[in-house]
Amino acid sequence: MADSDYSQKDFIGEQVKHEDVVNITRVRSDRVFYRQFIRDPNQAKTSGHPRWYGDKFDLKDDQTWTEPDEVHHVPFTTKKGRQLTVTISGWKQMLMRGTKNYKMNNHPFTLLQIVVRAQERNSIWKPMWLIVIGSRRDELSLVDCYQCYRQRYDMEHLFRFGKQRLLMTSYLTPDVHHEENWFKLTLLSYVNLWAARKLAVVLPRDWEQYLKTNKSIKITPSLVQRDFSRIMTTLGTFAKFPKRRGFSSGRIKGYKKAPRTRHDVIKKGSKKSTENLKAP
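Residues numbered from 1 in each chain as written. Predicted model: local features only at pLDDT ≥ 70, side-chain atom pairs only at ≥ 80, totals over all residues. Heavy atoms only, no water.

1. Some thoughts on the overall build of the chain
Here is step 1: When its secondary structure is counted, the chain shows six helices and seven strands.
Here is step 2: Mapped in sequence order, the helices and strands of the chain form the string α-β-β-β-β-β-β-β-α-α-α-α-α.
Here is step 3: Taking 19 Å as the expected radius of gyration for a compact globule of 280 residues, we find that the chain reaches 27 Å, considerably beyond that expectation.
Here is step 4: Overall size of the chain, expressed as C-alpha extent along the three principal axes, is 85 × 65 × 65 Å.
Here is step 5: Of the contacts formed within the chain by residues at least 6 apart in sequence, a portion of 55% connects residues at least 24 apart.
Here is step 6: Counting only carbon and sulfur atoms, one obtains 53% of the accessible surface of the chain, whose full area is about 22,300 Å².
Here is step 7: For the chain, the distance from the average site of its 52 positive side-chain charges to the average site of its 29 negative ones is 10 Å. (Helix = DSSP H or I, 4+ residues; strand = E, 2+ residues; numbered from the N terminus. Rg over C-alpha atoms; globule rule 2.2 N^0.38 Å. Contact = heavy atoms within 4.5 Å. Areas by Shrake-Rupley, 256 points an atom, 1.4 Å probe, with all protein chains shown as cover. Lys, Arg positive; Asp, Glu negative; His and termini not counted. Charge placed at Lys NZ, Arg CZ, Asp CG, Glu CD.)

So, in structure tokens, the structure goes:
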């Protein structure tokens, strides 16, 4: 699952090379797609380049929309008890324009429109558009695709908490393997916070008066981390005390370490500063 920044052909064109990967990405509401052109078998073949793209499908112009191939209505209740209905409309065999490097006409996708309505049948939010692309996309129903994309918000909270509180991006190393190991350690630490959520006690700060008055406060990973030192002293540990291993003999005499490969420095382009022009 990814947001609209990853709905471009340069990203999707690389992901479709993996047969077992199905990408669900959000797209902007001003994109233009096309129906896959299917030639009539009774029509005689003509010379020239074969036609790939069919009718135009403009997301911001509902006059270009055709009847969806599938429509599902999923009712659900919010945390505050409000009854809502999610209408999921799907158009199959859609195409986007490709380039010389990415032949997107060979990779059709399913286009989804998500509309949330209340009991009075009025749309609450702006319709959300999703792309489901991959060779195994038909194994997922429209409801499965929508529920999978909803998990992206939980992932965003994980990355935000991991970067701010678990030092997920603080370890700097030129070795990719070491970086991957560090990332796994941060995920394991997050799992430990989840496992210890029932043992944590709310420890509000002096300025957090709402935590003192609300007894049914939800235990968040941040509150568990605040009380984790007490939890560790209560549970104990099976780890043994460290022992001195002696002094290392160091490198062998005459050993020369190969220098690291030097790479070009990538610099981001500076934004052009706009000066306030005054009228003469």
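2. A few points about the nonpolar core
Here is step 1: Formed by 16 residues in total, the largest nonpolar core has its most connected members in F33, F109, L111 and I131.
Here is step 2: Only β5 (83–95), β6 (109–117) and β7 (128–133) provide two or more residues apiece to this core.
Here is step 3: Here L111 is in contact with F33, F57, L59, S89, G90, W91, M94, W129, L130 and I131, once residues within four sequence places are set aside. (Core = buried A, V, L, I, M, F, W, Y, C linked by side-chain atoms within 4.5 Å. Buried < 20%, exposed > 50% of the residue type's maximum accessible area, 1.4 Å probe, protein only.)

3. Concerning the confidence of the model for the chain
A low pLDDT score tells you not to read the predicted coordinates there in detail.
Here is step 1: Averaged over all residues, the pLDDT of the chain equals 87, while 94% of them reach at least 70.
Here is step 2: Here residues 273–280 is a poorly scored stretch, pLDDT under 50, and it has zero contacts once near neighbours within four places are set aside; other chains count. (pLDDT = per-residue confidence, 0-100.)

4. Focus: the packing of aromatic side chains
Here is step 1: Under the definition given, this model contains 11 aromatic pairs.
Here is step 2: Here the aromatic rings of F57 and W65 are separated by 6.2 Å at their centres, their planes lie at 10 degrees, and the arrangement is stacked.
Here is step 3: Since its relative accessible area comes to 0%, F57 is described here as buried.
Here is step 4: Taking relative accessible area as the criterion, W65 reaches 27% and is therefore assigned partly exposed.
Here is step 5: Summarising the aromatic geometry, the rings of F161 and Y190 are spaced 5.8 Å apart at their centres and angled 65 degrees between planes, so their arrangement reads as edge-to-face. You can see F161 sitting in helix α2 (residues 142–165) and its partner Y190 sitting in helix α3 (residues 176–195), a full 29 residues away along the chain.
Here is step 6: Since its relative accessible area comes to 12%, F161 is described here as buried.
Here is step 7: One aromatic cluster in this structure is built from F57, W65, W91 and W129.
Here is step 8: Here R97 stacks its cationic end above the ring of Y53, 4.2 Å away from the centre of that ring. (Phe/Tyr/Trp six-rings, centres within 6.5 Å; stacked < 30°, edge-to-face > 60°. Lys NZ or Arg CZ within 6 Å of the ring centre and 35° of its normal.)

5. Concerning unusual backbone geometry
Here is step 1: One non-glycine residue, Q93, lies in the positive phi region at around 55 degrees.
Here is step 2: Its place among the elements puts Q93 in strand β5.
Here is step 3: Q93 gets classed as partly exposed once you look at its relative accessible area, which sits at 31%.
Here is step 4: Even without being a glycine, L167 presents a positive backbone phi close to 55 degrees.
Here is step 5: By relative accessible area, which is 46% here, L167 ends up partly exposed.

6. So, the UniProt feature "domain: Transposase IS701-like DDE" (unreviewed entry) in the chain
Here is step 1: The residues that UniProt annotates with the feature "domain: Transposase IS701-like DDE" (unreviewed entry) are residues 1–95.
Here is step 2: Overall, residues 1–95 shows 7% helix and 39% strand. The separation of its end C-alpha atoms is 19 Å. (UniProt positions renumbered as here; feature names shortened; annotations may be inferred.)

7. Considerations on α2
Here is step 1: Taking 1.5 Å of rise per residue, 24 residues should cover 34 Å, and α2 covers 36 Å from first to last C-alpha, within 8% of that figure.
Here is step 2: Of the residues making up α2, those classed as buried are L142, C145, Y146, Y149, R152, L158, F161 and G162. (Expected span 1.5 Å × (residues − 1).)

8. Describing α3
Here is step 1: With 20 residues, α3 ought to run about 28 Å at 1.5 Å a step, and its terminal C-alpha atoms sit 29 Å apart, in line with that.
Here is step 2: Where α3 begins, the capping side chain belongs to D175, and its oxygen is found 3.0 Å from the backbone nitrogen of H177. (Polar contact = N/O pair within 3.5 Å; in protein donor to acceptor, adjacent residues only side chain to side chain.)

9. Structural notes on the domain arrangement of the chain
Here is step 1: According to the domain assignment, the chain consists of domain 1 (5–38 + 50–159) and domain 2 (176–235).
Here is step 2: On a C-alpha basis, the centroid separation for the pair domain 1 and domain 2 is 36 Å. (Domains from an automatic or database assignment.)

10. Examining the environment of N106
Here is step 1: Within the secondary structure layout, N106 lies in the loop between β5 and β6.
Here is step 2: Take N106: its relative accessible area is 53%, and that puts it in the exposed class.
Here is step 3: Along the primary structure N106 and T46 are separated by 60 residues, whereas in three dimensions their C-alpha atoms are 21 Å apart.

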